[in-house]
Amino acid sequence: MEQFKGQPRLPKFASPKRYDIRLKPDLATCKFSGSVAIDLDIVSKTKFIVLNAADLSIQKETVSFTHKAFSSYLRPAPGRTSPVLGSAPSSSSTILSLFPSAVLNYLWQWWQRLWTWFFSFPTLERFRTKVFEPCKIDLVGEDEILVLEFPETLPTGIGVLAIDFDGILNDKMKGFYRSTYKHNGEKKNMAVTQFEPVDARRCFPCWDEPACKATFKISLDVPADLVALSNMPMVDEKVEGHVKTVFYQESPIMSTYLVAVVIGLFDYVEDHTSDGVKVRVYCQVGKQNQGKFALNVAVKTLEFYREYFAVPYSLPKLDMIAIPDFAYGAMENYGLVTYRETALLYDEQHSAAANKQRVTIVVTHELAHQWFGNLVTMEWWTHLWLNEGFATWVSYLAADRLFPEWESWTQFLQESVEGLRLDELAESHPIEVEINPAGEISEIFDAISYRKGASVIRMLQSYLGAECFQRSLAAYIKRHACSNAKTEDLWTALEEGSGEPVNKLMNSWTKQKGYPVVSVKINDNKLEFEQSQFLLSGSHGDGQWIVPIIFCCGSYDACQSFLLETKSASIDLEENEAWIKVNVDQTGFYRVKYDEDLQAELSYAIETKMLSATDRFGILDDSFALCMARQQSLTSLLTLMAAYGEELDCTVLSNLISISYKIARIAADATPELVDSIRHFFIILFQHSAEKLGWEAKAGESHLDAMLRGQILTALAEFGDEPTLREASRRFHAFLNDRSTPLLSPDIRKAAYVAVMQTVNASNRSGFESLLRVYRETDLSQEKTRILESLASCPDPNIILEVLGFILSSEVRSQDAVSGLAVCWEGRETAWNWLKENWEYIAKTWGSGVLIRRFVSSIVSPFASFEKAREVEDFFATRSQSSIARTLKQSIERVNINAHWVQSIQNEENFAETVDELLYGKS
Ligand code: BES
Ligand code: ZN
């Protein structure tokens, strides 16, 4: 018994093949009961069966294991395989490769069963069944395991483990939980599952590991008037009075974390793909029009992936459903994808262009998982990035196909940058990370797995070429369909497809943390490259990478590429006076540090509009990171930023804005006397694009302009631009009188709300009160989110405290509270004190999910002093828990980095003069 405690994985002597699950939720009392019968293959003789279970009460008298000798049909006797197909069919055989491997595998299993059954027939002995009852049943809370000990050894072969149990429909947005909604003014409960990463065990006892794949036959006892959905289509329904029992088709083999059930009141819209997959979007009653956009995206995306992966979608239907209380953006449950409302519903009148894009990216991401994740599943959480990094990358590929005018690959750089920003901390982690206690798993759903993961895939695709990459991926999917894979398996497929040493190349990116900065200079007509690990703390790490370098001189027609495999390399240059851009198109996951002359040439090339948007983006972002790492002065960064005065690209400007926010904040700490001038400089910098875009949409304008307008106006409001504040106030009042006024389109609403909050203070609260009124009146989640994101930008700490109180109130769903944490510089001390005072409640409410990390990072990271870093450390010394351990270390590291940055800015000579010159030169 003791030997099973404290183990990262379940023992391997029993393997589940099929689950028959029946669940009966009671939506009034928020309890459920259930029973499960699991076909198990006992692989080696044992007295123990060990599986996962948590927060369930097991009805001990119901637990039994029935050994079914005859049912060894699932596993051929050792050494006896069918004569026709000696081993599992492989897709390399030409005729068989015409069939999708899911179908082949299925046929293969049945063939095996028949064959073995036939041979076992004469031995009557084999038909005897024997029931074993456990002598000891132990639910080990810390390890979330259920240990069954039997008085005698269980024979190998197939048997059925039966267990009845009870549980609670919790309010923690995980396991089998309740979400609430209003119907005809009445508050109601729905029942929903969220199992990834390790919460299926909170709904039914199971082998809750991604590699323990089995088939699932689910049935539900539910109120007759409700909609009940699961992964597979319904096959039968029996109504008795007010209760109906719904039976679903048995699923193909899949992991427990992808099982799903939803029971509630919903409307839907429906469509079909060209190959007959029935697709539905379910939403709150009366909101079905808001599901149409996502439905259309889903149908097109399924068709695209079918072609791209060269394997059709593997289930007969796909349901997508909006859940009012949802911890994440969305979850890719096989055939029943769950979403938070903001990520699925699009309202023609009240949603913004940014919402449209978000819905698209979330849908394309989750549908990618139906192949990458659901059909081919990671072998263990160490390979989580295969799921998330890949889905993130391919979601942009699909978005680019559906909406080419969105320039998705330029926008993708925002993902890369988030990966770079996390991976430049000493407290980062490798993409492939060892996972031990289950509590650690949720911490790796972070920018490393998603964004760095997606970026290194993009880097590899660009190195190998799109066509070869796709071909090799399709081979990988076919080879591992209905099974599991590790990172190496993907590399092997790509290596076979390309003939390149992919494994060696990629190991340097996935097995070590961090990334390089490549320093470039010209010496003696040679271009010299040297790599070293880039760390924001300013120190150099000792990592080394195989870096695919692409660079060009003076023109995009003359690109050169090579692999930088050692610390340094040099390349002969022809006589050269022109600009040199390294990491062309920003497909590489690294930064570039140019010597002063090269940097000046690039600055000039930006001003004279010689460079692509992606390159302008990269030059700016690298320069910002180098400045923060104290390898470049703030003076030179601001000078470079001035070269972006005529910038109009949405992605470049969006990064320029977020960098300017960070500079304004650090300047408030480092040089308070210059803050106003610096803010003024930024207002001037954004004037050109603000004038071009105006406040109202132009007829036929692009999606990108619509998105940009809101961001530019928000920035002007945040920097206190008077005309912007006045105009925002005028439009906001028109909106208060008429929620459909053309004066405040959804794209500029957040800007107006931020502007309103800039002028609110304890004695002038009307703007704040009005926003709360809009919040209370709207039933559109995106509107509520916009308001929450704006409230804490108010510079009055008293109001900030009220806002923070509001986000903990029952008026804000716990899924949304973190949206209210965007606290301005003036409010950070108030927010920190509030966090300390409310920590117990916050830890209790959000402690078991991923949202708790946001409380820590949003409130701690903005500080910029060594004392504060110590204070935070002291506070959490007795309060840390595994789900925030890494985030806490990263946030404290950021505070120390900021503190160093402040010191170096204070030591910069001529900084004040530069700011003056920039202002004088521009005004
Ligand atoms: N598999 C995840 C959902 C998830 C996240 C489960 C963390 C458990 C822990 C899903 O595919 C996902 O990645 N969702 C993202 C949205 C996506 C568009 C990046 C999310 O929820 O933010
Ligand atoms: Zn995902």
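Residues numbered from 1 in each chain as written. Chains lettered and ligands numbered in written order. Predicted model: local features only at pLDDT ≥ 70, side-chain atom pairs only at ≥ 80, totals over all residues. Heavy atoms only, no water.

An unreviewed UniProt entry lists the protein chain under the name Aminopeptidase, with Eucalyptus globulus as the source organism. Regarding the protein chain, the UniProt comment filed under Sequence similarities (unreviewed entry) reads as follows: "Belongs to the peptidase M1 family." Under the Subcellular location (unreviewed entry) heading, UniProt states for the protein chain: "Microsome membrane". (UniProt positions renumbered as here; feature names shortened; annotations may be inferred.)

A. Up close: the sheet that holds strand 27 (residues 568–572). Here 4 strands make up an open sheet; going across it, the order is 27-24-23-29 and the pairing mixed. Unpaired on one side and paired on the other, strand 27 and strand 29 (591–594) mark the two borders of the sheet. Taken over all neighbouring pairs, the strand axes of this sheet differ in orientation by 25 degrees on average, direction set aside. The pairing of strand 23 (residues 516–523) with strand 29 spans 4 bridges and is parallel. Within strand 29, the residue paired with S519 across the bridge is K593. Running at roughly 105 degrees to strand 29, helix 10 (residues 596–607) makes contact with strand 23 and strand 29 of the sheet. (Pairing = 2+ DSSP bridges. Helix = DSSP H or I, 4+ residues; strand = E, 2+ residues; numbered from the N terminus. Axes fitted to C-alpha atoms, helices over the stretch in contact; angles between N-to-C directions. Contact = heavy atoms within 4.5 Å.)

B. Spotlight on the site of ligand 1. The full set close to ligand 1 counts 15 residues, and E196, G329, E332, E366 and Y450 are the nearest of them. Within the contact set of ligand 1, an oxygen atom lies 2.5 Å away from a backbone nitrogen or oxygen of G329. Within the side chain of E388, a nitrogen or oxygen atom sits 2.9 Å from a nitrogen atom of ligand 1. Burial of ligand 1 by the protein chains amounts to 88% of its free accessible area of 520 Å². Elements with a minimum of two residues in the shell around ligand 1: strand 19 (330–331) and helix 3 (353–369). Ranked by residues supplied to the shell around ligand 1, first place goes to helix 3 with 4 residues. Composition of the shell around ligand 1 by domain shows at least three residues from each of domain 1 (265–367) and domain 2 (372–510). (Near = heavy atom within 4 Å. Polar contact = N/O pair within 3.5 Å; in protein donor to acceptor, adjacent residues only side chain to side chain. Areas by Shrake-Rupley, 256 points an atom, 1.4 Å probe, with all protein chains shown as cover. Domains from an automatic or database assignment.)

C. Representation of the pairing of strand 24 (residues 526–533) in the model. Summarising the sheet, strand 23 and strand 24 pair through 8 bridges and their orientation is antiparallel. By the bridge assignment for strand 24, V517 is matched with S532. When strand 24 meets strand 27, the two strands line up antiparallel, connected through 5 bridges. Along strand 27, the bridge assignment pairs E530 with S568.

D. Summary view of a nonpolar patch on the surface. Nonpolar side chains collect at one region of the surface, where Y106, L107 and W110 lie side by side and expose about 370 Å² of accessible area between them. In this structure, L107 sits in helix 1 (residues 101–120). (Patch = residues over 30% accessible without salt bridge, like charges linked within 9 Å, V, L, I, M, F, W, Y side chains within 5 Å. Salt bridge = Lys/Arg side-chain N within 4 Å of Asp/Glu carboxyl O.)

E. Region of the structure containing the coordination of the zinc ion (ligand 2). Of the protein atoms, only H365 (NE2), H369 (NE2) and E388 (OE) coordinate the zinc ion (ligand 2), at distances of 1.9 to 2.1 Å. Positions of the donor residues of the zinc ion (ligand 2) along the chain correspond to the pattern H-x3-H-x18-E. In this pair, H369 sits in helix 3 while E388 sits in helix 4 (residues 384–402), placing the two residues 19 residues apart along the sequence. A single burial state applies to H369 and to E388, both of which are buried. (Donors = N, O, S within 2.8 Å, 3.2 Å for Na, K, Ca; no water. Buried < 20%, exposed > 50% of the residue type's maximum accessible area, 1.4 Å probe, protein only.)

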